[in-house]
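Chain and residue survey
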Amino acid sequence: RAKSAGGNRFELADPEADARAITRHGLTTALPAALERGEFFIEYQPLVHLGDGSVRGAEALVRWLHPQHGVLGPDRFIPLAEHTGLIVPLGRWVLEQSVRQARAWRERGGDTDPVRINVNLSPCQLTHPGLVQDTVDILERAGVEPQALCLEVTESALIGADDDLLKPLRRLAEMGIDIALDDFGTGYSNLANLRRLPVSVLKLDRSFTQGMQQFPADPVDLKIVEGIVSLAHSLDLAVTVEGVETGAQAEQLRILGCDTAQGWYYARPGPPERLHELALADATG
Ligand code: C2E
Ligand code: MG
Ligand code: MG
Ligand code: MG
């Protein structure tokens with residue numbers, strides 16, 4: 001925060017905040033060239049079926065290999081990319097890479113069980129007029145059917161969404177693409193509102209999973225998750241849980257009826273070859 005020190009001069013009141021601001025500014029201006037130079041890469045985290053432990057797909061998570069700062073997580077640069085609009089070409093790049101990767105996994109896996117791919121979509125991408133056509137084109141170019149793709153949109157992005165915002169999502173859902181409500185349970189949305197949204201998957205936020213850490217878990221947390229799962233299933237929505245770090249959590253969530261899980265207990269996000277190894281280990285063991 002800068003404080004006026006007389007005349008037109010400003011004096012720094014908080015040098016650390018200033019350093020952060022400079023980094024933010026530096027990162028923001030470096031984003032477009034980073035995309036051109038290929039400094040972004042994607043890690044994949046498996047999505048595991050809680051019933052039988054099989055790998056059903058993966059979520060694509062973008063990272064930036066910054067020449068000075070090393071690997072930066074999405075929380076460091078996605079908000080900046082959203083602010084400048086670079087999220088549109090960056091998001092398109094992530095989608096294209098991920099869909100092509102899904103195709104490559106399938107080819108190596110002998111076309112047996114199609115690997116599903118989850119890709120995060122930022123609110124800015126939802127309002128971009130090219131979203132539906134870009135998605136169709138990307139799927140066609142890669143030869144991947146829409147049923148293999150799941151687009152994740154956060155609950156907070158859809159709170160109070162009007163029909164204009166929901167229209168592209170409906171088009172995508174009608175094509176057979178799954179829409180997941182990400183970080184569900186953190187946005188204080190009206191549960192009755194769910195009926196209005198073209199979603200087929202609820203991704204229960206990590207904070208609920210954390211409540212399952214001890215065994216037996218907190219009874220109130222259990223009731224809440226139980227309630228969400230039963231509501232979701234009655235609306236024909238599948239439930240995925242994020243942030244599963246222990247076997248005890250996985251077991252609790254399986255008993256509560258959750259369908260799919262994701263978390264360090266199974267695997268951290270990693271390079272695409274890793275998913276292939278996990279899926280293979282799963283098929284043979
Ligand atoms: P998200 O979509 O909710 O993704 C899950 C986050 O939880 C990821 O963080 C993942 O690495 C982390 N995670 C997975 N398992 C565990 C676990 O067991 N314990 C803990 N503590 N964390 C776990 P990450 O990779 O840092 O991504 C953060 C957020 O950035 C994502 O949250 C998503 O909202 C956003 N993001 C990532 N990639 C993209 C992208 O390509 N486009 C957009 N628009 N957003 C993205
Ligand atoms: Mg996500
Ligand atoms: Mg999430
Ligand atoms: Mg999250």
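Analysis parameters
Residues numbered from 1 in each chain as written. Chains lettered and ligands numbered in written order. Predicted model: local features only at pLDDT ≥ 70, side-chain atom pairs only at ≥ 80, totals over all residues. Heavy atoms only, no water. Axes fitted to C-alpha atoms, helices over the stretch in contact; angles between N-to-C directions. Helix = DSSP H or I, 4+ residues; strand = E, 2+ residues; numbered from the N terminus. Parallel < 35°, antiparallel > 145°, perpendicular 65-115°, else oblique. Left-handed = near helix turned anticlockwise from the far one by under 90°. Contact = heavy atoms within 4.5 Å. Nonpolar A, V, L, I, M, F, W, Y, C, P; charged D, E, K, R; others polar. Salt bridge = Lys/Arg side-chain N within 4 Å of Asp/Glu carboxyl O. Buried < 20%, exposed > 50% of the residue type's maximum accessible area, 1.4 Å probe, protein only. Donors = N, O, S within 2.8 Å, 3.2 Å for Na, K, Ca; no water. Near = heavy atom within 4 Å. Polar contact = N/O pair within 3.5 Å; in protein donor to acceptor, adjacent residues only side chain to side chain. Areas by Shrake-Rupley, 256 points an atom, 1.4 Å probe, with all protein chains shown as cover. Pairing = 2+ DSSP bridges. Expected span 1.5 Å × (residues − 1). Arc of directions from axis to C-beta.

Taking an unreviewed UniProt entry as the reference, the protein is identified by name as Diguanylate phosphodiesterase belonging to Streptomyces griseoruber.

1. A few points about the packing of helix H3 (residues 87-108) against helix H5 (residues 131-142)
The contact between H3 and H5 brings their axes to 9 Å, and the two run at 30 degrees. Judged by the inter-axis angle, H3 sits roughly parallel to H5. Two packed elements cross with a definite hand, and for H3 against H5 that hand is right-handed. Across the interface between the two elements, Arg92, Leu95, Glu96, Val99, Arg100 and Arg103 of H3 pack against Asp134, Thr135, Ile138, Leu139, Arg141 and Ala142 of H5. Residues of the contact of H3 with H5, tallied by class, amount to five nonpolar, one polar and six charged.

2. Remarks on the pattern of salt bridges
Scanning all chains against the criterion turns up 14 salt bridges. The salt bridge partner of Arg103 is Glu107, with a shortest N-O separation of 2.8 Å. In this pair, Arg103 and Glu107 are both assigned in helix H3, four residues apart and thus about one turn of the helix distant. With relative accessibility at 26%, the residue Arg103 sits in the partly exposed group. Close ionic contact of Glu145 with Arg106 constitutes a salt bridge, the shortest N to O distance being 3.2 Å. Of the two residues, Glu145 is situated in the loop between H5 and strand E7 (149-154) and Arg106 in helix H3; the sequence distance between them amounts to 39 residues. Glu145 gets classed as partly exposed once you look at its relative accessible area, which sits at 29%. Judged by relative accessible area, which is 9%, Arg106 ranks as buried. Residues joined by salt bridges that share partners form a network here, namely Glu59, Glu152 and Lys203.

3. Considerations on the coordination of the magnesium ion (ligand 3)
Summarising the metal site, the magnesium ion (ligand 3) is bound by the protein donors Asp182 (OD), Asp183 (OD) and Glu242 (OE), whose distances to it range over 1.8 to 2.6 Å. Counting the intervening residues between successive donors of the magnesium ion (ligand 3) yields the motif D-D-x58-E. Separating the magnesium ion (ligand 3) and the magnesium ion (ligand 2) is a distance of 3.7 Å, and Asp182 donates to both of them. With Asp183 in strand E8 (residues 178-184) and Glu242 in the loop between strand E10 (238-241) and helix H10 (247-255), this residue pair connects regions lying 59 residues apart in the sequence. A relative accessible area of 26% places Asp183 in the partly exposed class. Judged by relative accessible area, Glu242 falls into the buried class, the value being 12%.

4. Notes on the site of ligand 1
Within the structure, ligand 1 sits among 23 residues, and Arg63, Asn120, Asp182, Glu245 and Trp264 are positioned closest to it. With respect to ligand 1, the side chain of Asp182 contributes an N or O atom lying 2.9 Å from an oxygen atom. Asp183 has a polar side-chain atom sitting 3.1 Å from an oxygen atom of ligand 1. Burial of ligand 1 by the surrounding chains reaches 85%, relative to a free accessible area of 810 Å². Those elements giving two or more residues to the shell around ligand 1 turn out to be strand E4 (55-66), helix H2 (74-84), H3 and E8.

5. Details of the pairing of E4
Each regular strand shows side chains that alternate between the opposite faces of the sheet. Of all twelve residues making up E4, nine are buried, and the element is well covered by its neighbours. Sheet topology places strand E3 (residues 40-49) next to E4; nine bridges connect them, and they run antiparallel. Considered in E4, the bridge of Gln45 is made with Glu59. From the end of E3 to the start of E4, which pair antiparallel, there are five residues, and Gly53 there has a positive phi angle of about 75 degrees. Pairing of E4 with strand E6 (residues 116-120) involves four bridges; the strand directions are parallel. Its bridge partner lying in E6, Ala60 is registered against Val119.

6. Digging into helix H9 (residues 219-234)
Note that an α-helix has 3.6 residues per turn; residues three or four places apart therefore point the same way. With 16 residues, H9 extends 22 Å from end C-alpha to end C-alpha; this agrees with the ideal 22 Å at 1.5 Å per step. Buried residues of H9: Val225, Ile228, Val229 and Ala232, and no others. Considered in projection along H9, the buried side chains sweep an arc of 100 degrees and stay on one side of the axis. Exposed side of H9, more than 90 degrees from the buried face: Pro219, Val220, Lys223 and Ser234 are the residues found there. Those residues of H9 that are buried lie in contact with E8, strand E9 (201-204), helix H8 (206-210), E10 and H10. The N-cap of H9, judged by a side-chain oxygen 3.0 Å from the amide nitrogen of Val220 a few residues on, is Asp218. Downstream of H9 by a residue or two, Asp236 has a phi angle that is positive, lying close to 65 degrees.

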